[in-house]
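Observations on the three-dimensional arrangement
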Amino acid sequence: MSRTSLNALLTASGVGKSYTLGGQRVDVLKDIDLAVAPGCVTALVGHSGSGKSTLMHILGLLTKPDTGRVVLEGHDTHGLAGSALADLRRRRLGFVFQSYNLLPQHSALRNVLLPYTGRRREAEARARGLLERVGLGDRCEHRPSELSGGEQQRAALARALVNDPPLLLADEPTGNLDTENEALLLGLFRELADDGRGVLVVTHNQAVADAADVVHRLGRRTGLSAQGEALAAHKETKGRSRAATRSSREGEL
Ligand SMILES: Nc1ncnc2c1ncn2[C@@H]1O[C@H](COP(=O)(O)OP(=O)(O)O)[C@@H](O)[C@H]1O
Ligand SMILES: [Mg+2]
């Protein structure tokens, strides 16, 4: 077992997931092993339809895998009741959905506050601070429909951070961002990692993958079955050796 897995905040082992549509079985994920280490930005890349969002939902305890286990901070989540999973999600995980999932009837501020579990009198200042941190300090009262795609994406990120989770899972969080806001998010991910948190980010964006400490590539599935397709490979590195060792750290899942 690598040091990454031993120290990991989150590990997936042997994760598989299939969907059956129109009587046909589609194996989306097969035998995936992945670890998210604290202090690292980990990128997950792969072509469209390779199962990145499916894997993120499984890692984020939103979808149960058909096979395999997800262990969060040493706790095997298999078999936990829905309420226990919801509690773990709220307290230990920040999740940024690819489609943001902001509630349309609420302002950005209210959306950020919805999952908040801390002290009430600190709530609003915290939410405002996070919205400022993602460059939305002047958009607190806007509803999602009054925000651009990139602004909704950043509001969703602020919401994911409201309970100060040790682990952030973000599904293509820079998909709608300009270069300036992309740099802002990359800086934020780096700060979170430097603070000892784990960040797993799905991306199509080379700049985001380049800025990551570890890059996982989800393999192409071939037809409806992907026998032997999924290879696990995860390596770790940190800090200064990042750029120098990047090519050796990429692995296909
Ligand atoms: N609820 C579902 N029912 C059936 N097929 C699904 C479902 N969700 C995803 N899929 C299929 O699983 C594959 C992977 O989807 P997804 O995880 O969204 O990929 P990615 O995020 O890498 O683009 C796709 O072929 C998609 O059509
Ligand atoms: Mg996706």
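Scroll up to find the structure.
Residues numbered from 1 in each chain as written. Chains lettered and ligands numbered in written order. Predicted model: local features only at pLDDT ≥ 70, side-chain atom pairs only at ≥ 80, totals over all residues. Heavy atoms only, no water.

1. Comments concerning the layout of surface pockets
Taken as a whole, the largest pocket holds about 430 Å³ of empty space. Along the walls of the largest pocket sit 17 residues, with Arg 89, Arg 90, Leu 93, Phe 97 and Pro 115 positioned nearest its centre. Listing elements by their share of the lining of the largest pocket, those giving two or more residues are helix 3 (82-92), strand 6 (93-96) and helix 6 (149-160). Across the lining of the largest pocket, the residue classes tally to 10 nonpolar, four polar and three charged. (1 Å grid on protein atoms, 1.4 Å probe; cavity = no way out; pocket = protein on both sides within 12 Å on 5 of 7 lines; lining within 4 Å. Points joined across faces, edges and corners; volume = space filled by probe spheres on them. Helix = DSSP H or I, 4+ residues; strand = E, 2+ residues; numbered from the N terminus. Nonpolar A, V, L, I, M, F, W, Y, C, P; charged D, E, K, R; others polar.)

2. Here we look at the coordination of the magnesium ion (ligand 2)
When a metal carries six donors in an octahedron, the ideal angles between them are 90 or 180 degrees, while four donors in a tetrahedron ideally lie at 109.5 degrees. Of the protein atoms, only Ser 53 (OG) and Gln 98 (OE1) coordinate the magnesium ion (ligand 2), at distances of 2.1 to 2.3 Å. Here Ser 53 is found in helix 2 (residues 52-59), whereas its partner Gln 98 is found in the loop between strand 6 and helix 4 (108-113), with 45 residues between them in sequence. A residue is classified by how much of its surface remains accessible, and Ser 53, at 23% relative accessible area, is partly exposed. Gln 98 gets classed as partly exposed once you look at its relative accessible area, which sits at 38%. (Donors = N, O, S within 2.8 Å, 3.2 Å for Na, K, Ca; no water. Buried < 20%, exposed > 50% of the residue type's maximum accessible area, 1.4 Å probe, protein only.)

3. Observations concerning the sheet that holds strand 1 (residues 10-21)
Pairing is antiparallel in the open sheet, where four strands are placed in the order 2-1-4-5. Strand pairing shows two members of the sheet lacking a second neighbour, strand 2 (24-36) and strand 5 (75-76), which therefore form its edges. Alignment of strand 1 against strand 2, held across nine bridges, turns out to be antiparallel. The residue bridging Val 15 from the neighbouring strand is Ile 32, located in strand 2. (Pairing = 2+ DSSP bridges.)

4. Looking at unusual backbone geometry
With glycine set apart, most residues show a phi of negative sign, and most peptide bonds adopt trans. Located in the positive-phi region is Asp 31, a residue other than glycine, with phi close to 55 degrees. Take Asp 31: it is sitting in strand 2. Positive phi outside glycine occurs at Glu 73, with the angle close to 50 degrees. Relative to the elements of secondary structure, Glu 73 occurs in the loop between strand 4 (67-72) and strand 5. In this structure Glu 73 comes out as partly exposed when scored by relative accessible area, which is 27%.

5. Side note on helix 6
Over its 12 residues, helix 6 runs 17 Å from end to end, which matches the ideal 16 Å to within 8%, given 1.5 Å per residue. Of all 12 residues in helix 6, 11 are buried; the element is thus mostly enclosed. Residues Gly 150, Glu 151, Gln 152, Gln 153, Arg 154, Ala 155, Ala 156, Leu 157, Ala 158, Arg 159 and Ala 160 constitute the buried set of helix 6. (Expected span 1.5 Å × (residues − 1).)

6. Some points on the environment of His 57
Locating His 57 in the fold gives a position in helix 2. Using a relative accessible area of 22% as the deciding quantity, one classes His 57 as partly exposed. Considered as a pair, His 57 and Phe 97 are 40 residues apart in the sequence and their alpha carbons are 8.8 Å apart. Discounting chain neighbours no more than four positions away, the residues touching His 57 are Leu 62, Thr 63, Phe 95 and Phe 97. (Contact = heavy atoms within 4.5 Å.)

This is a description of form; function is not addressed.
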